[in-house]
Amino acid sequence: MVVSQTIYEAPRPVPGPGEQVVTSTCGHNCGGRCVVNAHVRDGRITRISTDARRWNPAHPPLPACARGVGQIERTYHPDRLQYPMRRTGPRGSGQFARISWDEALDEVAAQLLRVREKWGNAAILDGSRSGSLSMLHGRGPAKRFLHMFGGCSDLWSNMSCEAEIFSLRATYGQGFSHKVAGREPTDYVNSKLIWMWGWSPGDGTFGTGTMQYLKQAKAQGTRIVCIDPRRSRSSIQLADEHIFIRPSTDAAALIAMAYVMVKEGVHDQVYCDRFVQGFDEATLPEGAPAGASYRSYLMGETDGLAKTPEWAAGITGIPAATIQRLAIEFATTKPAALQGGYGPGRTAFGEQFHRAAFALAAMTGNVGIVGGNSGTSNGATGQGNMRGFSAGPNPVDAKISAPLLADLLARGKSGGYPADIKLIYSMGGDLFNQCPNAAKTAKALDNVEFIVGQDHFLTPTTRHADIVLPATTFWERNDVHTPWAGAGHYAIFMKQAIEPMYECRNDLDIFTDLAARVGIEGYNGKEEMDWLRAFTADAVDDFDAFQAQGVARFPAPEDAVAFAKQIRDPESHKFATPSGKIEVYATLIADNPNPYGLGAIAPIPTWVPQLEHDGDYPLSLCSPKSRARTHSIHGNQDKLAKVDPDDLWLHPADAEARGIHDGQMVRIFNAQGATVLPAKVTENIAPGVVSIKEGAWFTPDEEGTDTQGCANAVTLDRSAPSGATTYNTNFVQVRPVNS
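Residues numbered from 1 in each chain as written. Predicted model: local features only at pLDDT ≥ 70, side-chain atom pairs only at ≥ 80, totals over all residues. Heavy atoms only, no water.

Novice: Please clarify how the overall build of the chain should be interpreted in this entry.
Specialist: When helices and strands are counted, the chain shows 24 helices and 27 strands. Expected size for 739 residues packed as a compact globule is a radius of gyration near 27 Å; at 25 Å, the chain falls within 12% of this value. Each principal axis of the C-alpha distribution contributes one length, and for the chain these read about 75 × 70 × 50 Å. Sorting the 739 residues of the chain into buried and exposed places 63% on the buried side. Summed over all atoms, the accessible surface of the chain reaches about 26,500 Å², with 49% contributed by carbon and sulfur. In the chain, which carries 70 positive and 79 negative side-chain charges, the distance between the mean positions of the two groups comes to 2 Å. (Helix = DSSP H or I, 4+ residues; strand = E, 2+ residues; numbered from the N terminus. Rg over C-alpha atoms; globule rule 2.2 N^0.38 Å. Buried < 20%, exposed > 50% of the residue type's maximum accessible area, 1.4 Å probe, protein only. Areas by Shrake-Rupley, 256 points an atom, 1.4 Å probe, with all protein chains shown as cover. Lys, Arg positive; Asp, Glu negative; His and termini not counted. Charge placed at Lys NZ, Arg CZ, Asp CG, Glu CD.)

In structure tokens, the structure reads:
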């Protein structure tokens, strides 16, 4: 008899009289995957509870944050889309008239067929994104429909972490998800030193329970250092030391630290000789030019410039002595873990930060060992054997880096892009708000003939649509979800709690009807529950127990740290790189230094000077996460907004120079646009730096000034060479309102 290793559990309270309690999880791209329980009476959710069990690192509970509890405000928000609508006023005016579902779908189908016939499939842009995530009712139905329709243009780069994805492929190899390249939170306690570099799980979550595991490690003696332009919530709660750094300069700091390690002889040469390509001249691949190694670059042998702490101090704002001390401490404390966040990679040359972080982790022998880390922020196992709705291949090879959306819409073929976009289908996506340079995007929409917005609210994107289709929330349908970024080993059954509200329909059902209207055959051949049984068949051995209980706990993997097998048994388990090693000198980049036509990249980690500000816009802008939003989701919830109010952080010295006091309304502006926010004058941000939490809804007034604190009102639509977003390489000026 085979005994199942899967544990099925129901982390919810006993229902009261006349009450039903239904377990689910938030279907958004938040960074957690927590238990939310809907308490239902008479077909209506009356409150939301969560997993109330006490913290146990061996079997951690899955408690929700304020956003999870705030789902009740979102579900019954008075602004929920209730029925299909057709635009009656100018784009962005919010003027719509109610129509029937047949009218709406007939018009959408007709427009899709018209644009395909007149302009070709590349003129259709998939504007769907991560507003609705799960195995069935996620982005898959939209992509499958558009691909089966003949294809579409695609914004290919990951807006959160494309710089990391690119760097992982170059350094550690291809064929694995970027989400499985880090380590499990259970391993934090094994580190003697953790660097949290631009990584704030107290704000961005990075897995349910991550903060609790970090607190456990700290309590047992792990030293934690935070390197960040802001002293974040994570730093305040966890850090033994906080190091302020100028945004976009992280690679320079890491390169100087690598120089110190080599200069002082504290790096792990034996490890490098065995596992690393291109750290020094002896391990360069055949055909690489002399002097091309990372060590030669660090010591200035190739360009005459040694990458000393003094060199980096002038770039980063970190004192040279601090760089020296931190480098020696990291190299001589074993094991040590560098947890590199996404923020430093969202810069003009963000791939250099991640590659320099991976190089430092390898130089010190910390990759693939217990208590060490590869340099990433993610967990180590991902979704395991759980499958999702298949999109199938896209017949159209028209791919555009996501941060270039505004320029794509503005210039199209005349700007060198694959197509002039004539139709945008946006399902669960708010790209007009989340892509850089929101004002330019809005102005460029005159070139687009038809926009479909399929969502829960009139978001800044859906507000510009020609046809609006109201979709159900996760409470109104059944689904399955898995942990974000592999942070844990479980799945949650998202049980339907209430009937679909108003005239809202499931995304999959909408696309099924559209498929019939445009002549697509074989789009959807199963009922909802049959799909879910199929998706979970390789992971869940008792689907009925999973559905009834709500949570399935799976066994932990053999290793809690990525690449452990490659280090433990390098003969049998090589890295998936051309050399089979960790490639500090990346063969793939050396062979194709400009892979996307967005700029050349050196084969070794290199400091590339960032775009400098001019005298008009001297303050460096960064855009961290809000604990009250998941990107732009929840951006219209007044109660939830009180958890983490929107404001502009600036240093007292910068405030004094501008006559700004705490709480005063200020105008943040540059050549791209302007927005307004109350000032938060604080020493928790570096001098010369300001921050705006990302995700506030772009709401311009008649003069074009955003009124809600949207960070993308003042960001430039520019891509890193790797295709990454560059939100954190931007410069602004700040003045008191009406000054």
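Novice: Explain the pattern of salt bridges here, please?
Specialist: Should the charged atoms of two oppositely charged side chains come close, the side chains can pair. For the structure on display, the rule yields 36 salt bridges. The partner of Asp240 in a salt bridge is Lys218, and the shortest N-O contact between them spans 3.3 Å. Within this pair, whereas Asp240 is found in the loop between α8 (233-238) and β11 (241-243), its partner Lys218 is found in helix α7 (residues 210-219), the two being separated by 22 residues in sequence. With relative accessibility at 43%, the residue Asp240 sits in the partly exposed group. In this structure, Asp538 and Arg387 form a salt bridge, with 3.8 Å as the shortest nitrogen-oxygen distance. Here Arg387 lies in the loop between α14 (350-363) and β14 (399-400) and Asp538 lies in the loop between α19 (528-536) and α20 (543-549), a separation of 151 residues in the sequence. For Arg387, a relative accessible area of 39% puts it in the partly exposed group. (Salt bridge = Lys/Arg side-chain N within 4 Å of Asp/Glu carboxyl O.)

Novice: Can you walk me through helix α4 (residues 140-148) in this structure?
Specialist: Every α-helix carries 3.6 residues per turn, so stepping three or four residues along brings you back to the same face. Burial analysis of α4 places eight of its nine residues in the buried class, which makes it a mostly covered element. Of the positions making up α4, those classed as buried are Gly140, Pro141, Ala142, Lys143, Arg144, Phe145, Leu146 and His147. Check the buried side of α4 and you find it contacts α3 (101-119), β7 (124-126), β8 (153-155), β15 (423-427) and α18 (507-518). Backbone geometry just after α4 places Gly150 at a positive phi near 125°. (Contact = heavy atoms within 4.5 Å.)

Novice: Got a minute to help me understand the packing of aromatic side chains in this structure?
Specialist: The relative placement of two aromatic rings is captured by the distance of their centres and the angle of their planes. Counted under the stated rule, the structure contains 26 aromatic pairs. Summarising the aromatic geometry, the rings of Phe145 and Phe511 are spaced 5.5 Å apart at their centres and angled 35° between planes, so their arrangement reads as tilted. Of this pair, Phe145 sits in helix α4 while Phe511 is found in helix α18, placing the two residues 366 residues apart along the sequence. Classification of Phe145 as buried rests on a relative accessible area of 0%. By relative accessible area, which is 0% here, Phe511 ends up buried. (Phe/Tyr/Trp six-rings, centres within 6.5 Å; stacked < 30°, edge-to-face > 60°.)

Novice: Help me out: how do you make sense of the sheet that holds β11 in this one?
Specialist: The strands that make up a sheet pair up through hydrogen bonds in the backbone, lying either parallel or antiparallel. In spatial order, the strands read β11-β10-β9-β13; together these four strands make up an open sheet with parallel pairing. The open sheet is flanked by β11 and β13 (336-340), the only strands paired with a single partner. For this sheet, the mean angle separating the axes of adjacent strands, direction not counted, is 15°. Relative to strand β10 (residues 223-227), strand β9 (residues 193-197) runs parallel, the two sharing five bridges. The residue of β10 that forms the bridge with Met196 is Cys226. (Pairing = 2+ DSSP bridges. Axes fitted to C-alpha atoms, helices over the stretch in contact; angles between N-to-C directions.)

Novice: Looking at this structure, I do not really get the sheet that holds strand β23 (residues 648-650). What am I missing?
Specialist: Pairing is mixed in the closed barrel, where six strands are placed in the order β22-β26-β23-β25-β24-β27. Ignoring which end each strand starts from, the neighbouring axes of this sheet average 45° apart. Relative to strand β25 (residues 674-681), strand β24 (residues 665-669) is paired through five bridges, and the arrangement is antiparallel. Pairing of Arg667 across the sheet is with Val676, part of β25.

Novice: What's the story with the packing of α4 against α18 in this structure? I'm lost.
Specialist: Each packed pair of helices is defined by two parameters, the angle between the axes and the distance between the axes. Between α4 and α18, the shortest axis-to-axis distance is 9 Å and the interhelical angle comes to 10°. Taken together, the axes of α4 and α18 are roughly parallel relative to one another. Contact residues: Pro141, Ala142 and Phe145 in α4; Leu508, Phe511, Leu514, Ala515 and Val518 in α18. Partitioning the contact of α4 with α18 into residue classes produces eight nonpolar, no polar and no charged. (Parallel < 35°, antiparallel > 145°, perpendicular 65-115°, else oblique. Nonpolar A, V, L, I, M, F, W, Y, C, P; charged D, E, K, R; others polar.)

Novice: Is there a simple way to explain α14 in this structure?
Specialist: In this model, α14 (14 residues) spans 20 Å end to end at C-alpha, consistent with the 20 Å of a helix rising 1.5 Å per residue. Buried residues dominate α14, accounting for 14 of its 14 residues. Note on α14: the residue one or two positions beyond its end, Gly365, has a positive phi of about 70°. (Expected span 1.5 Å × (residues − 1).)

Novice: Could you clarify how one ought to interpret unusual backbone geometry in this entry?
Specialist: Glycine aside, a negative phi is what most residues show, and trans is what most peptide bonds show. Here the residue pair Lys334 and Pro335 is connected by a cis peptide bond, since its omega of -10° sits within 30 degrees of zero. Here Pro335 is to be found in the loop between α13 (320-332) and β13. Within the chain, Phe206 stands out as a residue other than glycine whose phi angle is a positive 55°. Summarising the element assignment, Phe206 is placed in the loop between α6 (201-204) and α7. Looking at Phe206, the relative accessible area reads 11%, which means it is buried. Its identity as a non-glycine residue notwithstanding, Phe563 has a phi of 70°, on the positive side. If you trace the backbone, Phe563 turns up in the loop between β20 (551-553) and α21 (564-568). The buried category is assigned to Phe563, whose relative accessible area is 10%.

Novice: Honestly, the packing of helix α5 (residues 162-172) against α14 in this entry has me stumped. Any pointers?
Specialist: One can describe the packing of α5 onto α14 by two numbers: an axis separation of 8 Å at closest approach and a directional angle of 45°. It follows from the interaxial angle that α5 and α14 lie oblique. In this structure, the crossing between α5 and α14 has a hand that is right-handed. Of α14, the residues touching α5 (which contributes Ala163, Glu164, Phe166, Ser167, Leu168, Thr171 and Tyr172) are Gly350, Glu351, His354, Arg355 and Phe358. Its residues placed into classes, the contact of α5 with α14 shows five nonpolar, four polar and three charged. (Left-handed = near helix turned anticlockwise from the far one by under 90°.)

Novice: Just to check I follow, could you spell out the side chain of Ser248 for this structure?
Specialist: Its place among the elements puts Ser248 in the loop between β11 and α9 (250-264). Judged by its relative accessible area of 9%, Ser248 falls in the buried class. Side-chain polar atoms of Ser248 contact the backbone oxygen of Asn728, separated by 3.1 Å. Residues within four places of Ser248 in sequence aside, it is in contact with Thr347, Trp607, Gln610, Asn728 and Thr729. (Polar contact = N/O pair within 3.5 Å; in protein donor to acceptor, adjacent residues only side chain to side chain.)

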